[in-house]
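Listed here are the chains, written in short residue letters.
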Amino acid sequence: MTQTTDARRPPVDPTMPAAEFLRWYWPVAALTQFCTALGIPASGPKAALRARVAWALAHPGTPMPKAAKPKPKSRFKWGSETLHPDTVITDTVSFGPNLRGFFHDQIGPGFVCHGDFMTWVKSNTGATLADAVAAWHMLEARKDDPAFRREIASCNTYLQYLRDIRDAHPDLTLAQAKACWDDKKTKPAQDGMVVYAPADLAALG
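Residue positions are given per chain, counting from 1 as you read along its sequence in written order. Note on the predicted model: pLDDT of at least 70 is required for a residue's local features to be given, and 80 or more for side-chain atom pairs to be given and counted; whole-chain, interface and lining totals, by contrast, use all residues. Side-chain figures throughout are based on the complete set of non-hydrogen atoms in the structure, without hydrogens or water.

Visitor: Explain helix H4 (residues 97-107) to me, please; I cannot follow it from the model alone.
Guide: Because the α-helix completes a turn every 3.6 residues, residues three or four places apart line up on one side. Taken residue by residue, H4 has Leu-99, Phe-102, Phe-103 and Ile-107 as its buried positions. Taken around the axis of H4, the buried residues stretch over an arc of 110 degrees, which confines them to a single face. Of the residues in H4, the exposed ones pointing more than 90 degrees away from the buried face are Pro-97 and Asp-105. Should any heavy atoms of two residues lie within 4.5 Å, those residues are counted as being in contact. A run of H or I in DSSP counts as a helix once it spans at least four residues, and a run of E counts as a strand once it spans at least two, with each numbered from the N terminus. Tucked into the core, H4 has its buried residues touching helix H5 (115-122) and helix H6 (129-141). Just downstream of H4 lies Gly-108, where phi reads positive at about 110 degrees. Note on classification: 1.4 Å probe, protein chains only; a residue is buried when its accessible area is under 20% of the maximum for its type, exposed when over 50%, partly exposed between these limits. As used here, the arc is the angular range of directions from the helix axis to the C-beta atoms.

In C-alpha cells:
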C-alpha cells in the first residue's frame, strides 16, 4: 500500500503502513476498529490505543513491549482504608469512591474532582489530606480571577483546538468552532495533533 495523497483521512485499513497511520488524527471509534482488525487489545486510553496500533502496523505479529512500571513504595489501600485529615498521601493514591467521598464530606456538595486538583494530589505525596482540602479551596478561588483558565491536558487536542480558534476569533460561535474542528480532523495531522491554523475558517464557507 502506497502513502495516500488524498487530503482526507483514509478508512481503517489493517494493512496500512505505520507511517501513513501516523499522518492522521483517529477518533477512538476508528482506533478500536484498527485494534479489532489487528487482533490486539482495544482497551485503555486513546494515546495507548494509538501507540498500540502504530506498533502493530510497523511490527506485524510481534507483541508490543511492555513498559516497566515502577513498583509502588506504599501498600496503603485507598479503596478500603478509613481516611482522616491527617492521612498521608502516598504514591498509590487513587481517586475512587472512597477518596472522593472523603473530600465530599470535608468540602461539601460543591466538591468537584477536576483535573488540576487531581494533579496537585498526585504531585504531593507526603502531604496530608487536610493539605489537599486546603489546596482544593485555593484552586477553586482562582475561578474568581477573570483571567484564570484551567490548563488543558496535552492529549486533549479537541479542547485545545476550540480554545485556540475562539481566542483568535472571539466572535466565532461554539458551533462554528466545532464545524472547523470537524473539517480539520479529517486532514493530515502528524502524530494525531490537530492544531488550529487561520486557513481553517475556510470550512465555514
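So, next bit.
Visitor: I'm lost on the environment of Ala-30 in this one. Help?
Guide: By the secondary structure assignment, Ala-30 is in helix H2 (residues 28-38). Take Ala-30: its relative accessible area is 9%, and that puts it in the buried class. For the pair Ala-30 and Ala-168, spaced 138 residues apart in sequence, the C-alpha separation works out to 30 Å.

Visitor: Help me understand the pattern of salt bridges in this model?
Guide: Where side chains of opposite charge bring their charged atoms close, a pairing between them can arise. The salt bridge criterion pairs a side-chain nitrogen of Lys or Arg with a carboxyl oxygen of Asp or Glu, the two atoms within 4 Å. A complete count under the given rule lists eight salt bridges for this structure. A salt bridge links Arg-149 to Asp-167, with the nearest nitrogen and oxygen atoms 2.9 Å apart. Taken together, the residues span a long stretch of sequence, with Arg-149 in the loop between H6 and helix H7 (157-168) and Asp-167 in helix H7 at a distance of 18 residues. Residue classification places Arg-149 among the partly exposed residues on the basis of a relative accessible area of 46%.

Visitor: Could you clarify how one ought to interpret the packing of aromatic side chains in this entry?
Guide: Any aromatic ring pair is given by two values, namely how distant the centres are and how the planes are angled relative to each other. Each pair of aromatic rings taken from Phe, Tyr and Trp, with Trp reduced to its six-membered ring, is defined by centres within 6.5 Å and is described as stacked if the planes are under 30 degrees apart, edge-to-face if over 60, and tilted in the remaining cases. Taken as a whole and assessed by the stated rule, the structure comprises 14 aromatic pairs. Note on Trp-26 and Phe-34: the rings are 5.0 Å apart at their centroids and 90 degrees apart in plane angle, and the pair reads as edge-to-face. Owing to a relative accessible area of 0%, Phe-34 belongs among the buried residues under this scheme. Relative to Phe-117, the ring of Phe-103 has its centre 5.1 Å away and its plane inclined at 75 degrees; by these criteria the two rings are edge-to-face. Taken together, the residues span a long stretch of sequence, with Phe-103 in helix H4 and Phe-117 in helix H5 at a distance of 14 residues. Here the two residues Phe-103 and Phe-117 agree in accessibility, since each one is buried. Three or more aromatic residues link up through ring pairs in this structure, and these residues are Phe-95, Phe-102, Phe-103, Phe-111, Phe-117 and Trp-136.

Visitor: What is the right way to look at the confidence of the model for the protein in this model?
Guide: For residues with low pLDDT, the predicted coordinates do not support detailed interpretation. Summary of the metric used: pLDDT quantifies the predictor's per-residue confidence within the range 0 to 100. Mean pLDDT for the protein: 92, with 97% of residues reaching 70 or above. Every residue in residues 1-6 scores below 50 in pLDDT, and together they form 11 contacts with partners more than four places removed in sequence or on other chains.

Visitor: What is the right way to read helix H3 (residues 46-58) from this model?
Guide: Helix span, expected: 1.5 Å multiplied by one less than the number of residues in the helix. For H3, built from 13 residues, the straight-helix expectation of 18 Å at 1.5 Å per residue is met to within 8% by its first-to-last C-alpha distance of 18 Å. Restricting attention to buried positions, one finds in H3 the residues Leu-49, Arg-50, Arg-52, Val-53, Ala-54, Ala-56 and Leu-57. Packing partners of the buried residues in H3 comprise helix H1 (18-21) and H2.

Visitor: Please clarify how the nonpolar core should be interpreted in this entry.
Guide: The tendency in soluble globular proteins is for nonpolar side chains to be buried side by side. Within the largest apolar cluster, 19 residues are counted, with the highest numbers of intra-cluster contacts made by Leu-99, Phe-103, Phe-117 and Leu-129. For this core, the secondary-structure elements that each account for two or more residues are H4, H5 and H6. With sequence-adjacent residues up to four places away left out, Phe-117 is seen in contact with Phe-95, Phe-103, Phe-111, Ala-132, Trp-136 and Leu-139. Listed in part, the 15 residues of the second largest apolar core include Met-16, Ala-18, Cys-35 and Ile-40. Side-chain atoms within 4.5 Å are what join buried Ala, Val, Leu, Ile, Met, Phe, Trp, Tyr and Cys residues into a set we call a nonpolar core.

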